Amino acid sequence: MSGTWERELDQAVRELDGADTLAFGGVGFAGQILPATEAYRHAEQVLREHPEAARKKVDRLLRKGSPAGKAYAATLLEAVDPESGRAAWERLRDDDGEFTTFSGCVMGRATLREYAAERLAGGRE
């Protein structure tokens, strides 16, 4: 029997899988929270509460997601298991997939290669 948290996690992972923008807080002057940001927050909570089941879905997102989805997945892993997160960023540093980034009202573009290099150097988020 599938629980509510499992259905909600599936929905969050689907949202992250198709994400084209990476943002961890509000964006723009209004501080709008993007659907992918909400999905990330939900997935992070479920990953902490149900690590085994959620980890499989996050690992799949890391392998098959959009470039932004892969970045969200690596960040999720980093939050619950720094060693796994570092390994994920190591794998992504050769990926040229591009995505939009937001930090407050500042919009930018990045490749996974660039973003992973920054994360491995201790920057971003």
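Above this text sits the structure in question.
Everything numeric in this text was worked out from a predicted model, so none of it was measured.

(A) Up close: the sheet that holds strand E3 (residues 106–111). One open sheet accounts for three strands, arranged E1-E2-E3; its pairing is mixed. Of all strands in the sheet, those with a lone pairing partner are strand E1 (21–22) and E3, marking the two edges. Sheet analysis places E1 next to strand E2 (residues 98–103), joined by two bridges and oriented parallel. Bridge pairing in E2 links Thr21 to Thr100.

(B) Quick look at helix H4 (residues 67–80). With 14 residues, H4 extends 21 Å from end C-alpha to end C-alpha; this agrees with the ideal 20 Å at 1.5 Å per step. In terms of burial, H4 is a largely internal element, ten of the 14 residues being buried.

(C) The arrangement of a positive patch on the surface in detail. Where like charges cluster on the molecular surface, the positive patch consists of Arg60, Arg63, Lys64 and Arg91. Ranked by the residues each element gives to the positive patch, the list is headed by helix H3 (residues 51–64), at three residues. In this structure Arg63 comes out as exposed when scored by relative accessible area, which is 52%.

(D) Seen up close, the packing of aromatic side chains. Within the structure shown, the criterion is met by five aromatic pairs. Note on Phe24 and Tyr72: the rings are 5.6 Å apart at their centroids and 70° apart in plane angle, and the pair reads as edge-to-face. Of this pair, Phe24 sits in the loop between E1 and helix H2 (35–49) while Tyr72 sits in helix H4, and the two are 48 residues apart along the sequence. For the ring pair Phe99 and Tyr115, a centre distance of 5.7 Å and an interplane angle of 70° mean the geometry is edge-to-face. Of this pair, Phe99 sits in strand E2 while Tyr115 sits in helix H6 (residues 112–120), and the two are 16 residues apart along the sequence. By the burial criterion, Phe99 is buried, and Tyr115 matches it. Aromatic rings pair up to connect Phe24, Tyr40 and Tyr72 into one cluster.

(E) Quick peek at the nonpolar core. With 33 residues, the main nonpolar core has Leu16, Tyr72, Trp89 and Phe99 as its most contacted residues. For this core, the elements supplying multiple residues, two or more each, are helix H1 (4–17), H2, H3, H4, helix H5 (82–92) and H6. Leave out the neighbours within four places in its chain, and Trp89 touches Ala71, Ala74, Thr75, Glu78, Tyr115, Ala116, Arg119 and Leu120.

Calculation rules
Residues numbered from 1 in each chain as written. Predicted model: local features only at pLDDT ≥ 70, side-chain atom pairs only at ≥ 80, totals over all residues. Heavy atoms only, no water. Pairing = 2+ DSSP bridges. Helix = DSSP H or I, 4+ residues; strand = E, 2+ residues; numbered from the N terminus. Expected span 1.5 Å × (residues − 1). Buried < 20%, exposed > 50% of the residue type's maximum accessible area, 1.4 Å probe, protein only. Patch = residues over 30% accessible without salt bridge, like charges linked within 9 Å, V, L, I, M, F, W, Y side chains within 5 Å. Areas by Shrake-Rupley, 256 points an atom, 1.4 Å probe, with all protein chains shown as cover. Salt bridge = Lys/Arg side-chain N within 4 Å of Asp/Glu carboxyl O. Lys, Arg positive; Asp, Glu negative; His and termini not counted. Charge placed at Lys NZ, Arg CZ, Asp CG, Glu CD. Phe/Tyr/Trp six-rings, centres within 6.5 Å; stacked < 30°, edge-to-face > 60°. Core = buried A, V, L, I, M, F, W, Y, C linked by side-chain atoms within 4.5 Å. Contact = heavy atoms within 4.5 Å.

Scope: geometric values only; no functional claims are made or implied.
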